[in-house]
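Structural description and commentary
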Amino acid sequence: MTMSASRGPNLGLVEGAVAKLLMRASTVVQSELIAERFRLITLGGPELRGAAWEPGQKVQVAFGGWVQRTYTPLSWDPVAGNAQLLAYVPGEGPGSEWARSVRVGDGCVLFGPRSSLDLNLLSAPGLLFGDETSIGLAHALRHSKSGGHGIELLLEVSSAVRVREVLQRLNLEASRVEKREGDAHVPELELAITRAVQQRSIETAVLSGKATTIRQLGKH
């Protein structure tokens, strides 16, 4: 999913109480650089136990004040009390800095999980489209009703080679189209979707990732 940052005003008493109910303190129990610009992070702690997580839901990681970044957990074990995130480091900013520097033992505050995309509604034969930030969403399909079976993955990426390493590490398969200047690659994405619809009779789809590409493909 696309990452987002937000800054808000000082919370009132009611808003502050609601925020505390949604906050979950956790600790980084694993942090692994699985490819250039991609870090697999496992968070754990008592406050993650019993969470009613559904595949496709999102969490916000707080970086102090009201600066946050949004991630889609790859998985969430409410019994063991751990959640796994894939952090993509596209450049500078609080999210990228956290992903580059986070280490085992670091504390982490989460908001959520909260509703976002309901992957249980994506049935086979289906299609999930996205970018580097959607790989966690693709992995979460394994915990949906379909189990990810019969769902084709299509990604627009900055580096097909780099993303291939990530997919191999997560045991995922996806078609990859590299981004080109001026969105010159979008016709190739449209062709891939057309083929999938015609050859596999795809009826349901999830479009995630870059907003401008979603708009173009949605029309297509």
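Everything numeric in this text was worked out from a predicted model, so none of it was measured.

**Observations concerning unusual backbone geometry**
Most peptide bonds take the trans configuration, and most residues that are not glycine carry a negative phi. Along the chain, Gly112 connects to Pro113 via a cis peptide bond; the corresponding omega equals 10°. Within the element layout of this structure, Pro113 appears in strand 7 (residues 107-114). Here Ala124 and Pro125 are connected by a cis peptide whose omega angle stands at -5°. For Pro125, the location among the structural elements is in the loop between strand 7 and strand 8 (126-130). A positive phi angle, near 60°, is found at Asn171, a position not held by glycine. Mapped onto the fold, Asn171 is located in the loop between helix 4 (160-170) and strand 10 (175-178). Judged by its relative accessible area of 62%, Asn171 falls in the exposed class.

**Observations regarding the pattern of salt bridges**
Counting across every chain of the model gives eight salt bridges. The salt bridge partner of Glu32 is Arg169, with a shortest N-O separation of 2.8 Å. On the criterion of sequence distance, the pair formed by Glu32 in strand 1 (residues 23-35) and Arg169 in helix 4 is long-range, its members being 137 residues apart. Among the residues examined, Arg169 registers a relative accessible area of 38% and is labelled partly exposed. A single salt-bridge network, built from bridges that share partners, covers Glu92, Glu97 and Arg100.

**What about the sheet that holds strand 6 (residues 82-88)?**
If you trace the seven strands from one edge of the open sheet to the other, you get 4-3-7-1-2-6-5, paired in antiparallel fashion. The open sheet has two edge strands with one neighbour each: strand 4 (68-71) and strand 5 (75-77). Each strand axis lies, on average, 35° off the axis of its neighbour in the sheet, ignoring direction. Where strand 1 meets strand 2 (residues 38-44), seven bridges bridge the pair, whose relative direction is antiparallel. Looking at the pairing, Gln30 lines up with Thr42 of strand 2. Sheet strands in contact with helix 2 (residues 94-101) are strand 2, strand 3 (58-62), strand 4, strand 6 and strand 7, and its direction is about 70° off that of strand 4. Each of strand 1, strand 2 and strand 6 touches helix 4; the most contacted strand, strand 1, lies at about 115° to it.

**Some remarks on helix 4**
Along helix 4, the residues classified as buried are Ala160, Arg162, Val163, Val166, Leu167 and Leu170. Down the axis, helix 4 shows its buried residues gathered within 160° of arc, on one side only. Here the buried face of helix 4 lies against strand 1, strand 2, strand 6, helix 3 (135-140), strand 9 (151-157) and strand 10. Just past helix 4, the residue Asn171 takes up positive phi, approximately 60°.

**A closer look at the confidence of the model for the protein**
Confidence in the prediction for the protein averages 88 pLDDT; 90% of positions are at 70 or higher. Confidence, expressed as mean pLDDT per element, reaches its minimum in the protein at helix 1 (residues 13-22) with 55 and its maximum at strand 2 with 97. In this model, residues 1-11 is a region of pLDDT below 50 whose contacts with residues beyond four sequence positions or in other chains number 31 contacts.

**With respect to the nonpolar core**
Here is a general trend for soluble globular proteins: nonpolar side chains tend to be buried in one another's company. Core analysis: the largest hydrophobic core is formed by 46 residues, its most contacted members being Phe38, Leu86, Leu128 and Ile135. The residues touching Leu128, leaving out its near neighbours within four places in the chain, are Leu119, Leu122, Leu137, Ala138, Leu141, Ile151, Glu152, Leu153, Leu154, Val206 and Ser208.

Calculation notes
Residues numbered from 1 in each chain as written. Predicted model: local features only at pLDDT ≥ 70, side-chain atom pairs only at ≥ 80, totals over all residues. Heavy atoms only, no water. Helix = DSSP H or I, 4+ residues; strand = E, 2+ residues; numbered from the N terminus. Buried < 20%, exposed > 50% of the residue type's maximum accessible area, 1.4 Å probe, protein only. Salt bridge = Lys/Arg side-chain N within 4 Å of Asp/Glu carboxyl O. Pairing = 2+ DSSP bridges. Axes fitted to C-alpha atoms, helices over the stretch in contact; angles between N-to-C directions. Contact = heavy atoms within 4.5 Å. Arc of directions from axis to C-beta. pLDDT = per-residue confidence, 0-100. Core = buried A, V, L, I, M, F, W, Y, C linked by side-chain atoms within 4.5 Å.

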